[in-house]
There are 2 protein chains.
Amino acid sequence: MKPSLPAAIALAVTALPAFAQDEAIDNATLREDAQFYFEAIPTEPVAPEGNELTPARVDLGAMLFFDPRMSRSGLFSCQSCHNVGIAGVDGLEVSIGHGWQQGPRNAPTMLNAIFNIAQFWDGRAPDLAEQAKGPVQAGVEMNNTPENVVATLESMPGYVEAFAAAFPAEEAPISFDNFAVAIEAFEATLITPNSRFDQFLNGDDEAMTDQEKRGLAAFINTGCVSCHAGINFGGQDYFPFGLIERPGGSVLPEGDRGRFEVTQTADDEYVFRAAPLRNVALTAPYFHSGVVWDLSEAVAVMSSSQLGTEMEEEQIEEIVAFLGTLTGEQPQVVHPILPVRGSNTPKPQPMYVQ
Amino acid sequence: MKPSLPAAIALAVTALPAFAQDEAIDNATLREDAQFYFEAIPTEPVAPEGNELTPARVDLGAMLFFDPRMSRSGLFSCQSCHNVGIAGVDGLEVSIGHGWQQGPRNAPTMLNAIFNIAQFWDGRAPDLAEQAKGPVQAGVEMNNTPENVVATLESMPGYVEAFAAAFPAEEAPISFDNFAVAIEAFEATLITPNSRFDQFLNGDDEAMTDQEKRGLAAFINTGCVSCHAGINFGGQDYFPFGLIERPGGSVLPEGDRGRFEVTQTADDEYVFRAAPLRNVALTAPYFHSGVVWDLSEAVAVMSSSQLGTEMEEEQIEEIVAFLGTLTGEQPQVVHPILPVRGSNTPKPQPMYVQ
């Protein structure tokens, strides 16, 4: 069960102090604590509900994920903002999209996203398939339409064949829904198991250094764990940003009220899905605003805004060291060979203005 | 030896008619003719002059090729315009670069580019290393500077290590020159052997259909071969576009005088490197202007502008069918995992205006 918001706050407030620098580390106790809050990434992909990870479907999903012809301009693919070589992000404060427009929020990673409760910073998509339909249609991102995506897919014999193989039981395999389902299948394979933290969690005392273990203890005991828990160290629930103290306007811009835009509920003002922290050492810049480039600074902001404390530099360093142990094995993806366009494939329209 | 321009023209003018539809195909003679003009793609990569294809260097080149942080904006990598999934092109008439600027010419493929006499449509770079330095600095493309590229590379421990491994004999392995040399090494591995044409050339009579063989014969006998010869069916020399009849202004825009811009010689007005035709069935749109999307139309334009003939539709279809046999095995590239940025890595500047 997910902790409710008041429980999470209570946990933060009643958190115990972390282990002191010179205190001996009790691996068994630390592991037991960690196992209470966290879970290791499975070593094999898990099929999303209602989906199947057949090779044909995963391969099709990879093609779609990497295909810039899914965008109106012919320039952007999912990969543009969710780069498999940069831990699933683009390394920009906010992404650049159609016509060089800037998106409103920092691109979150799709690595391990299958384990999040919902997708996007505000959780407005319940699953990865629903998520995949967003950017392709967003005017500032890929600026396409479901009709044009389907027309593009139907025009290429290679896609006709690949959809038939991926959805063998269906009479009309090519649809915008199946486009999204195939991308979800591929993304479900993009997991990063065997991080050093997971190795420690699974019983290897040597997988983490003492500094990292002190960081883990501090992460639990100072209350970070109130929001960043579960398999993804976040992504499992929604919390207000600026719980104790509102951070500066560039970090938490006033105009972006987070989940309020989804629920229209006053309680959801400036509420966001807790950022998943797997591979966080690789995913700068940080926060939905993307303005913080340094992980230590991000931890300090969290400390003051969410926990109401000014952490000592040494503890911040320990937590940052610990966060580095959440870097798992990055997915090895063979870049797919994309279907050749057909005579009636819609042409790219980079200069299209809506 | 490359044929000189006058000889090529003479060959075009004195070309013999192609085999008639009902004429029996003499495989041995056709193969012998083809072997006179063409060469198969080697099945293994060949090291460029002065370069070495060590695994460390090729792997580094792949990282650089796929790394969008080599651009000022953080958005573009070599891969953006030379997509390994789309036969090395971007499928746009002309590429989109920094600030959504349009480039002046259609992006040529880097597949098999190692076999071209020189790089770019006008041959202004003698080799792939020199070529690699162009787009990264071009204001309308990646808009970066050598200094910023080097600073970016030096700021990431992963690159420091990778350059040391790729250039083990050098005291200062990271340099803009070595950046280009590593990309050249990677690109030298991007070849497409074992096309059906190459199989035929190497002795397999069954590798091509009769229609395709008639197309090959026509390609030789009508004079296409005057310009499109050698291992890449082009890329081996320079020829005037509009030799016999100037094509329409959108196909051959007046403002782009081709190799004249390089040599400032009147003879080089509207002279371009003959387009390499390997994998041409996958690389639409065509010509340096990128305005022709249909391969049949491209052949028809060539026929009238370069050979001064109006080919019959049947013959155009045969030639197009033959060109399809030039599609080789596409490179299987594992998307590299890119080095994590360092604390002093220059930030992307998507909104930079020169």
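Reference entry: report on the structure contained in this document. Quantities reported herein were computed from a predicted structural model and do not represent experimental measurements. (Residues numbered from 1 in each chain as written. Chains lettered and ligands numbered in written order. Predicted model: local features only at pLDDT ≥ 70, side-chain atom pairs only at ≥ 80, totals over all residues. Heavy atoms only, no water.)

**Remarks on the packing of aromatic side chains**
For clarity, the threshold we go by: Only rings of Phe, Tyr and Trp enter the pairing, Trp through its six-membered ring, and a pair is recorded when the two centres are within 6.5 Å. The plane angle decides the type: under 30 degrees is stacked, over 60 is edge-to-face, the rest tilted. Segments assigned H or I by DSSP are reported as helices when at least four residues long, segments assigned E as strands when at least two residues long, and all are numbered from the N terminus. Think of it in three bands: residues with accessible area under 20% of the maximum for their type are buried, residues over 50% are exposed, and the middle band is partly exposed, with areas taken using a 1.4 Å probe on protein chains only. A ring is scored as having a charge over it whenever the NZ atom of a lysine or the CZ atom of an arginine sits within 6 Å of its centre and within 35 degrees of its normal.
In this structure the tally under the stated criterion is 36 aromatic pairs over all chains. Between the aromatic rings of B:Phe219 and B:Phe322, the centroid separation amounts to 5.4 Å while the plane-to-plane angle is 55 degrees, which identifies the pairing as tilted. Of this pair, B:Phe219 sits in helix H10 (residues 210-221) while B:Phe322 sits in helix H13 (residues 313-324); the two residues are 103 residues apart in sequence, bridging distant segments of the chain. For B:Phe219, a relative accessible area of 2% gives the class buried. An aromatic cluster of at least three residues, connected via ring pairs, comprises A:Phe36, A:Tyr37, A:Phe38, A:Phe197, A:Phe219, A:Phe233 and A:Phe322. The ring of A:Tyr352 has A:Arg72 lying over it, and the distance from NZ or CZ to the ring centre is 3.6 Å. Over the aromatic face of B:Phe200 sits the side chain of B:Arg31, whose NZ or CZ is 4.5 Å from the ring centroid.

**Comments concerning the nonpolar core**
Counted only if it meets this: Joining through side-chain atoms within 4.5 Å is the link that ties buried Ala, Val, Leu, Ile, Met, Phe, Trp, Tyr and Cys residues into a set, and such a set is a nonpolar core.
Judged by nonpolar contacts, the single largest core of 90 residues is most densely connected at A:Leu64, A:Tyr159, A:Phe179, B:Leu64, B:Tyr159 and B:Phe179. Listed in part, the 42 residues of the second largest apolar core include A:Ile25, A:Ala40, A:Trp121 and A:Cys224.

**Structural notes on the interface of chain B and chain A**
Stated precisely, the cut-off is as follows: Whether two residues are in contact is decided by their heavy atoms: any pair within 4.5 Å suffices. Buried area counts how much accessible surface, traced with a 1.4 Å probe, disappears from two parts once they are put together, with both parts' losses summed. Should a side-chain nitrogen of Lys or Arg be within 4 Å of a carboxyl oxygen of Asp or Glu, the pair is scored as a salt bridge. As a working rule, the residues Ala, Val, Leu, Ile, Met, Phe, Trp, Tyr, Cys and Pro are called nonpolar, Asp, Glu, Lys and Arg charged, and the rest polar, with Gly in that last group.
Every contact between the two is made by 40 residues of chain B and, on the other side, 40 residues of chain A. Of the roughly 3300 Å² buried between chain B and chain A on both sides combined, carbon and sulfur atoms contribute 74%. Applying the counting rule to chain B against chain A returns 0 salt bridges. Its residues assigned to classes, the side of chain B that touches chain A comprises 23 nonpolar, 13 polar and 4 charged.

**As for the pattern of salt bridges**
Residues and elements named next belong to chain A. Using the criterion set out here, one finds 22 salt bridges over all chains in the structure. The salt bridge partner of Arg69 is Asp67, with a shortest N-O separation of 2.9 Å. Here the salt bridges share partners, and the residues they tie into one network are Arg105, Asp122, Arg124 and Asp256.

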